[in-house]
Amino acid sequence: MSAPNKSYDPVEVEALKPEVVEAARDEALAAFAAATSLDELKQAKVAHTGDRSALSLANREIGALPPHAKAAAGKLIGQARGAVNQALAKRQGELEAERDARVLVEEAVDVTLPYDRTPRGARHPLTTLAERIEDTFVAMGYQVAEGPEVEAEWLNFDALNLGPDHPARSMQDTFFVRAPDGSADSGVVLRTQTSPVQARTLLDRKPPVYVVCPGRVYRTDELDATHTPVFRQVEGLAVDEGITFADLKGTIEQLVSTLIGDGLELRWRPSYFPFTEPSAEIDLQCFVCRGESVGNPDRPCRTCGSEGWIELGGCGVVNPRVLVACGVDPDRYSGFAFGLGLERILMNRHNVADMRDMVEGDVRFTLPFGMEI
Amino acid sequence: MRVPLSWLREYVDLPAGETGRDVAERLVRAGLEVETVEQIGGDLKGPLVVGEVLSIEELTGFKKPIRHCWVNVGEANGTGDPQEIVCGATNFAVGDKVVVVLPGAVLPGPFPIAARQTYGHTSAGMICSARELGMGDDHDGIIVLPPEYEPGTDAIELLQLVDEVLDIAVTPDRGYCLSMRGVAREAAAAYGLPLADPALLDVPPANSFGYLVKVNDPAGCDRFVARTVVGIDPAAKSPIWLQRRLQKAGIRPISLAVDITNYVMLEVGQPLHAYDKQRVDGPITVRRAEPGESLTTLDGVKRTLSAEDLLICDNSGPIGLAGVMGGASTEILDPAAGPGTTEVIIEAAHFDPVAIARGAKRHKLPSEASKRFERGVDPEAARAAAQRAVDLLVLIAGGTAEAGVTDIAAPHPVRTITIAADLPDRVAGTGYGRETVTRRLQEIGCSVSGADVLEVTPPTWRPDLTDPYDLAEEVIRLEGYDNVPARMPTVPPGKGLTEAQRTHRRVGVALAGAGFVEVNNYPFVGEASFDALGLEPDDRRRRTVTLVNPLNDEEPGLRTTLLPGLLGALRRNIGRGNTDLAIFETGTVFLPKDELSVAPRPAVDRRPSAEELAALDAALPHQPRRVAVALAGERLPSGWWGKGSAAGWADAIEAARAVARAAGVELDVRRGQLLPWHPGRCAELVVAGTDRVVGHAGELHPRAVKALGLPERTAAMELDLDLLSADGAVRVDGPPVSGFPVATQDVALIVDAAVPAAEVEAALRAGAGELLEAIRLFDVFTGEQVGEGRKSLAYALRFRAADRTLTADEASAAREAAVAEAVARTGAVLRGA
Ligand SMILES: [Zn+2]
């Protein structure tokens, strides 16, 4: 590029002569019009509007002109470049439209080809069901507590008002751990219920205590369609001043509403557990037949066995003797506790016919449940 | 307890239209667990009548005996003529009264009856067996009725074939409901109807000339009533009504005396025992067993007795295991096998529940009697029960009740419970009021006095009522749980899940997200599980917590590793045709402590001491939480897009990294060596910056793979989650993100094949210094160019400064420093240098 020079005559600059500029413009317009694809147009664009195109080179010469000549030359080049850019944009639009109409169609693939290259995983529905129940209680303000599966007999039974000769002790078929001397008197069992976590919690924390305890428990049942020797419970415990049976009812109703839905009747049946008094079994109205299968052999219900009710679990007001054994003042505090069998809830909530499917680990059973239920 | 509705109605005048289901519903709401309501003879339809066998012609030429009979069925067939019937049974004779079903009837099944041609004759109906009538599966023989019934009499009514039976699972606190009397009491309360108490009988007072009984252990036996009946007709049989009631209640009729004791037990709840008086040698003594004594019980088993066993004895020694089972030597004799019993002693006693429970458990002899004594029997029912049995023996067997009445009773303190009248209100969270509380307690048989504070004496049949809360429960139960209001407690604000709980969830989500499917396996293992893994005989993992009573004798131990269960699940899946598998499990393992101890049994009337609590925990094994994965088949599937890749050791290690990432822990991987992993393909997983080994991952040893029947190259990982997160949660500081350009430099290093890539990378990182932003191994190459026993590792290094654009010289200098460190630490040679 030349330096500005007052004596420099624009007319003498070849590239800025109007006929040369117009020729360059026309050449560009022709090249754009001749482009038949976006690629060709891109090449024409580089050739006619790029740094080394005739119009760009001409534009640079303007800087060297004396001030009085700059305006006219600038106008000349500006008009030419404007026309070129306009033609380019127009042709670009035309060719893109054509591509959209033709080329993209030609590029079509079969999107229905199965594309399942990422392996699928899933969490076990009993795990996620326990979490859902935990979350319901955590939202109410409860803590989640855990305890060991191999448990001291004292915590599994004695502390829960099940003395050594209590008839209920033989109701729960217990796995006993062998003592160091080979005898059965180790004082250690596979816990038959999650209730020892209640005792542990009360020994561990001062009231008010609001905890929910999920976990595996063990009984010497053979595996069949409705029993498994290793199963899961969720235990809940509230110990505070002024806790009553009414609080228990409200809490269970809230859980059922969250877990299963509204509009189903609950039946509270008096029952017996040594660690609660009064004790109740909670039955939920069968949500499949809503009780209409009862005494109606034409419409049997597999879900409830035509009983109309589904057992959810047991509960009650904590027996003051349990509070005493755990060092809690029964004159000041009272509590409620409940225990729910997760397998049964899963069977009912998700129409699982056979409990064996939950324990055998067949991936075809677990996969549909995904990450949460 | 099986309760026939027809029998229950004898004590409570239930509304006529009330069905078994209706009654069950009421009882359920009062706290009795009615498991089933059985419809007996629901599909039965007559005519079913008494018939008299007039003639029997034995047909020959058939494979089995066949009889052609003429039977008088009175007017039941409409004509009064004898009925022609072909029958395959032979246990009846001409003149016997039998049960005949006529054409048009329907037997349980349902099994419609029609006249038909068979064995060359017409058979217009059937002579019935007990099984065909749904009276029990005991025998196939024809029912032969007592001779007094008239031909043509309706047998449905006679045999009480149509009924409903409520099967009630009695909870341990309600021993009194193991009787018709107890269930009737609950039914009466539920319907608000009066109860006709079968134990309200006139009983003569005790006197001094009853059978001689000595109770040497009044703690074990606080009541012993004995009565004697003589002159019994040994051939007398239980009448049909009695047999039917026993059958419906689930007890098999045996002989009249035994049937009567069983019947009274069902009726009143008092277990009775009948001795053949002529076989009892001298006075009866109740005492504990002496060393070396034995007793042959009614079931024919000779039992060695323990010093704790409570016995009934005579001069010959033990003649019964008190409250559990009688002895064979004084058993009522079967008249079919010789001279039958003509004189009996009826025992109605009350034994200590604990002594009976332990005895039944020790001898593995749970009996109808022990079941009741364990749960508590009404000690005041003994006299009435004995009287009832005596009455029945006199009435049915033609016996004579002797005047002697033995009744030995240890003094029974009157139990009085003091209860605040508003306790039920406070427990339930509602307002019943004192009047309701008093009325409900009276309904269950308590006597009640007082105002704001009530003095309550529970009835003798409710030994379970011992404290005020027991009484509160009764009131709330009878008022109905459905009538307790529902309300929510005010829970103080919670803190949500703990870090450990959140970590456990994240681990599950991470693995499932990475394509693993969760399984839950039983924790039971045996020697074979460890043998299959190929563990050495002295491997620590063979030392298990062992069960006394395992489900399967071959698997008495609890797992010390998740692998046996997990690999079992893998094999099960493969066996079912699921071939490309990635599964995981989280759960506890059970590791016995070095020093084994026995857990104490502290008292329960107070909080245990700190030492006692420590001793409880010391007796438990370590129970850390683990996670494990197993993989087989293709990890990434082949498909139309091209070839996939087989699952292998690297996937197992990657799973460990996914777990560690979810736990917020950085993991170092070292070469490891632990069975059941392949010795050359096993990684030891270490928490970065520590020496804490948290697990292993890699390909399984080919021997283990073979022993377990798994596909070749099966891979697995197991890691201890508690150890992994032992340092607690680390709070991540947000890194400064530099906006200056990156300078990328590649470097290829040749090292000995045995040098771990992790060491080379660590050296490069250390040498490159702060400017290094990231490092990635993008190729591993072996071959002639790099030389035998050598490998080439190609890395891409990304350099960036926080405060300036790096010059080419700076980046190169950092790369050279990185290489120099790798050369120094690992003997690497720069490729192409
Ligand atoms: Zn249903």
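Residues numbered from 1 in each chain as written. Chains lettered and ligands numbered in written order. Predicted model: local features only at pLDDT ≥ 70, side-chain atom pairs only at ≥ 80, totals over all residues. Heavy atoms only, no water.

Q: Honestly, the overall build of chain B in this entry has me stumped. Any pointers?
A: On a plain count of helices and strands, chain B comes out with 21 helices and 42 strands. Taking 833 residues into account, the globule formula puts the C-alpha radius of gyration at 28 Å, and chain B, at 41 Å, lies well above it. Seen through its principal axes, chain B has C-alpha atoms that stretch 125 × 80 × 60 Å. When each of the 833 residues of chain B is scored for burial, the buried share is 51%. Taking contacts inside chain B between residues at least 6 apart in sequence as the whole, the part at least 24 apart equals 70%. In the form shown here, chain B has an accessible surface area of approximately 37100 Å², with 52% of it arising from carbon and sulfur atoms. Chain B carries 86 positive and 115 negative side-chain charges, and their two centres are separated by 5 Å. (Helix = DSSP H or I, 4+ residues; strand = E, 2+ residues; numbered from the N terminus. Rg over C-alpha atoms; globule rule 2.2 N^0.38 Å. Buried < 20%, exposed > 50% of the residue type's maximum accessible area, 1.4 Å probe, protein only. Contact = heavy atoms within 4.5 Å. Areas by Shrake-Rupley, 256 points an atom, 1.4 Å probe, with all protein chains shown as cover. Lys, Arg positive; Asp, Glu negative; His and termini not counted. Charge placed at Lys NZ, Arg CZ, Asp CG, Glu CD.)

Q: Explain the coordination of the zinc ion to me, please; I cannot follow it from the model alone.
A: Six octahedral donors around a metal ideally subtend angles of 90 or 180 degrees, whereas four tetrahedral donors ideally subtend 109.5 degrees. Residues and elements named next belong to chain A. In this structure, Cys-286 (SG), Cys-289 (SG), Cys-301 (SG) and Cys-304 (SG) serve as the protein donors to the zinc ion, at separations of 2.2 to 2.3 Å. Around the zinc ion, the four donor atoms sit at angles spanning 105 to 115°, and that spread fits a shape best called tetrahedral. When the donors of the zinc ion are listed by position in the chain, the intervening gaps give C-x2-C-x11-C-x2-C. The pair formed by Cys-301 and Cys-304 is uniform in burial state, with each residue classed as buried. (Donors = N, O, S within 2.8 Å, 3.2 Å for Na, K, Ca; no water. Tetrahedral: all angles 85-135°; square planar, octahedral: opposite > 155°, others 65-115°.)

Q: Looking at this structure, how should I read unusual backbone geometry?
A: Where the residue is not glycine, phi is negative for most of them; where a peptide bond is considered, it is trans in most cases. The step from Pro-207 of chain A to Pro-208 of chain A runs through a cis peptide bond, and the omega angle for that step is 0°. Its location among the elements puts Pro-208 of chain A in the loop between α8 (195-204) and β4 (209-218). Each neighbour pair has its own omega, and for Glu-277 of chain A with Pro-278 of chain A the value is 0°, a cis peptide bond. A positive phi angle, close to 60°, is found at Ser-306 of chain A, a residue other than glycine. You can see Ser-306 of chain A is positioned in the loop between β7 (276-285) and β8 (309-318). Of note in this structure, Arg-713 of chain B is not a glycine but carries a positive phi near 70°. Assignment of secondary structure puts Arg-713 of chain B in the loop between α18 (702-707) and β38 (715-720). Under the relative-accessibility criterion, Arg-713 of chain B is labelled partly exposed at 45%.

Q: How should I be thinking about the sheet that holds strand β23 (residues 344-351) of chain B in this particular structure?
A: Remark on secondary structure: sheet strands pair via backbone hydrogen bonds, oriented parallel or antiparallel. All names here are of chain B. Taken together, the four strands give an open sheet; going across it, the order is β16-β23-β15-β24, and neighbouring strands pair in antiparallel fashion. Strands at the two margins of the open sheet, each flanked by one partner only, are β16 (272-276) and β24 (400-409). When strand polarity is set aside, the average angle formed by the axes of neighbouring strands in this sheet is 20°. Of the pairings in the sheet, the one linking β16 to β23 comprises five bridges and is antiparallel in character. Considered in β23, the bridge of His-273 is made with Glu-347. In this fold helix α9 (residues 382-397) packs onto β15 (221-230), β16, β23 and β24, with an angle of close to 15° to the strand it touches most, β15. (Pairing = 2+ DSSP bridges. Axes fitted to C-alpha atoms, helices over the stretch in contact; angles between N-to-C directions.)

Q: In this structure, what is going on with the confidence of the model for chain A? I would like to understand it.
A: Segments scoring low in pLDDT should not have their predicted coordinates read at a detailed level. All names here are of chain A. Summarising the model, chain A shows a mean pLDDT of 88, and 95% of its residues fall at 70 or more. Mean pLDDT across the elements of chain A ranges from a minimum in helix α7 (residues 167-171), with 67, to a maximum in strand β2 (residues 150-152), with 97. Per-residue pLDDT stays below 50 along residues 1-5; that stretch engages in seven contacts with residues further than four places along the chain or on separate chains. (pLDDT = per-residue confidence, 0-100.)

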